[in-house]
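Notes for the structure review
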Amino acid sequence: MNAPAKQYQLLFVDDDGDFLAMIQDFFASLGEKIWQIHCVTSADQALELLKVRKIDLVVSDVNMPMLDGIQFLHILNRSHPDLKKAVITANATEEKRSACLAEGAELFIEKPRSPEGLRSIFIMLEELITWTPREGFQGVLRRVGLQDVIQMECLGRNSSILEIHNQQLRGRVYIEDGRIIHAQAGDRVGENAFYELLSLPSGEFQLHPFELPPKRSIDGQWEFLLMESARVRDETIAAQASANGPASAPGPAPADKSSALAADLAAQVEETLICSGQGEPLYAWQCPNTSARITLLQNVAQQAASLSQLIPLGNFDRLEIQLADSRAVAQVKTDRMVFVRVSSGSEKTARQSNE
Amino acid sequence: MNDTLQEWLATGAIASGMLGCGMRLPDATCLSYSFNELCPREGLDQILHQLAETTATLAGQGLAPRRLTWTFEQGQIFLFPRPDGALLVLATQPNTEAAENVDALAEEFFSLNASH
């Protein structure tokens, strides 16, 4: 004998009684015995009901007297953070949509004007109510976003696996206690794989719980790995542009030479400093004078802002300082500032490699 | 301003993607050329004075630069300081002929006589 199917509890909140009656009739027939539908006409009634009944999905109107749908979502986010939420409104605007999604709504739907529209909404809500969130989180990879996720994991000394993929390539970055210990992308492993993944022009990533990798292939400092990945990416983009012309198709870059060079450089970091956007030191390694370096980074930030006003070249990315026997990179962002200096030995290697 | 330097700067730096260029001599006199309206001459002169100070600040921290590269989303600003105090600044768009020629221009700049 089969076990009875789970019955999902849906709560509709709308001050329009006619709409609720229509929903009740239509969805009850479509959902058969799988959906149990509850209807209330105000947010406070909904909150009362939520105290006494376990609800799987709340579908709320936006324009309601007393407590509107956006405020209601805000309260639900705090009182019932795991509850699935959708919004349905007759007056859909981009502002409302953004506000509702920001308050945790998974769906933002315009009220239907036909039975076909109601059927579409039923399908969407059914998809949402039966969807099981995966462990970890998922996001869309943009150039800055992926680096930020890695930095967040490393600064937080977290352990996780970052899975990155697009149509051409799939790979993983293993982070243990805030250290990048292994990466693999296609057939590549180690820093080559890491730089190739970070060079992807677009794709998606998921953050998974940490598991031990098959091997440990990376031993460098994460700050340098991220800085080098930015440099390698710029170089490969430039190489592609000059080799293939502007019509070339985007895709993973051939990063062999750059990656080998970067691996060599990573072993010869002489100095690293990371501080917050306000200049509070977060991490310093072999920094001869931390406060002087912070002053330098703040000076770089001021100069970059001033340069931007004199020549409009978009957002500042970094300052590279070529010294007689070494090279330093200063990166300044709103929330952090980074200074890394690489020794003379690696510069020689860099020159040899370029030759 | 030395005629040789002036002529070299006016003609030698012109390349596709070069927004502007400028030079600051040891006596703090400046000469600059704009090749794009985004990069006015007055701005280049200001950049030269500003980056002269930056160079001094870096030197004070044991980081006397041979070259500074300021990378922005839509372009780069290069600064080359000579031991005699002369500075060359180049503003280029990325992945252009001008950006590729930066090293060659810098070599010429280091070999020029700026003593006049």
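For the structure, see preceding data.
Model, not experiment: these values are computed from the prediction.

As a further point, take the overall build of chain A. Per the secondary structure count, chain A includes 11 helices and 16 strands. Counting across all 355 residues of chain A, residues that qualify as buried make up 49%. Of the roughly 17,600 Å² of accessible surface on chain A, a fraction of 50% belongs to carbon and sulfur atoms.

Moving on: the pairing of strand β15 (residues 327-332) of chain A. All names here are of chain A. Across the 6 residues that make up β15, a large majority, 6, are buried. Residue alternation in β15 divides its side chains into two sets, R327, V329 and Q331 and A328, A330 and V332, and both sets are buried. Bridge count between strand β14 (residues 316-322) and β15: 4 bridges; the pairing is antiparallel. Bridging from a neighbouring strand, E320 pairs with V329 of β15. Counted along the chain from β14 to the antiparallel partner β15, the turn is 4 residues long. Summarising the sheet, β15 and strand β16 (residues 336-342) pair through 6 bridges and their orientation is antiparallel. Within the sheet, the bridge partner assigned to Q331 lies in β16 and is V338. The hairpin turn running from β15 into β16, its antiparallel successor, is 3 residues long.

Residue and element names in this part refer to chain A. The final tally for this structure, using the stated rule, is 18 salt bridges over all chains. For the salt bridge of E176 with R216, the shortest nitrogen-to-oxygen distance reads 2.7 Å. Within this pair, whereas E176 is found in strand β8 (residues 170-176), its partner R216 is found in the loop between β11 (203-209) and α8 (222-244), the two being separated by 40 residues in sequence. One salt-bridge network, held together by shared partners, links E228, D317, R318, E320, R327 and K333.

All names here are of chain A. Spatially, the 5 strands line up as an open sheet ordered β2-β1-β3-β4-β5, and their pairing is parallel. Here the strands that pair on one side only, and so sit at the sheet edges, are β2 (35-40) and β5 (107-110). Here the average twist between neighbouring strands, direction ignored, is 20°.

All names here are of chain A. Along the polypeptide, S160 turns up in strand β7 (residues 160-165). A distance of 2.7 Å separates a polar atom in the side chain of S160 from a polar atom in the side chain of E153. Each residue touching S160, except ones within four places of it in the same chain, is listed here: E153, V173, Y174, I175, L207, H208, P209 and F210.

On to the nonpolar core. Counting 38 residues, the largest nonpolar core has I311 and F339 of chain A together with W70 and I77 of chain B as the members making the most contacts within it. Aside from chain neighbours lying at most four places away, what touches I77 of chain B is L307, I311 and L313 of chain A together with I47, L51, L68, T69, W70, F72, V89, L90 and A91 of chain B. The next biggest cluster of nonpolar side chains, apart from the first, holds 33 residues, and it includes L162, Y195, V338 and V342 of chain A.

Residue-level contacts link 31 residues of chain A with 31 residues of chain B. With both sides pooled, the region where chain A packs onto chain B buries about 2,700 Å², and carbon together with sulfur makes up 64% of that total. On the chain A side of the contact with chain B, L307, L310 and L313 of chain A bury the most area, a combined 26% of that side's loss. The interface formed by chain A and chain B includes 0 salt bridges. Listed by contribution, the elements that provide at least two residues to the side of chain A that touches chain B are α8, α10 (290-310), β14 and β16 of chain A. Ranked by the residues each element gives to the side of chain A that touches chain B, the list is headed by α10 of chain A, at 11 residues. Alignment of β14 of chain A against strand β3 (residues 67-72) of chain B, held across 6 bridges, turns out to be antiparallel. When the sheet's bridge partners are listed, R318 of chain A is paired in β3 of chain B with T71 of chain B.

Conventions used here
- Residues numbered from 1 in each chain as written.
- Chains lettered and ligands numbered in written order.
- Predicted model: local features only at pLDDT ≥ 70, side-chain atom pairs only at ≥ 80, totals over all residues.
- Heavy atoms only, no water.
- Helix = DSSP H or I, 4+ residues; strand = E, 2+ residues; numbered from the N terminus.
- Buried < 20%, exposed > 50% of the residue type's maximum accessible area, 1.4 Å probe, protein only.
- Areas by Shrake-Rupley, 256 points an atom, 1.4 Å probe, with all protein chains shown as cover.
- Pairing = 2+ DSSP bridges.
- Salt bridge = Lys/Arg side-chain N within 4 Å of Asp/Glu carboxyl O.
- Axes fitted to C-alpha atoms, helices over the stretch in contact; angles between N-to-C directions.
- Polar contact = N/O pair within 3.5 Å; in protein donor to acceptor, adjacent residues only side chain to side chain.
- Contact = heavy atoms within 4.5 Å.
- Core = buried A, V, L, I, M, F, W, Y, C linked by side-chain atoms within 4.5 Å.
- Buried area = accessible area lost by both parts, 1.4 Å probe.

None of this, on its own, says anything about what the molecule does.
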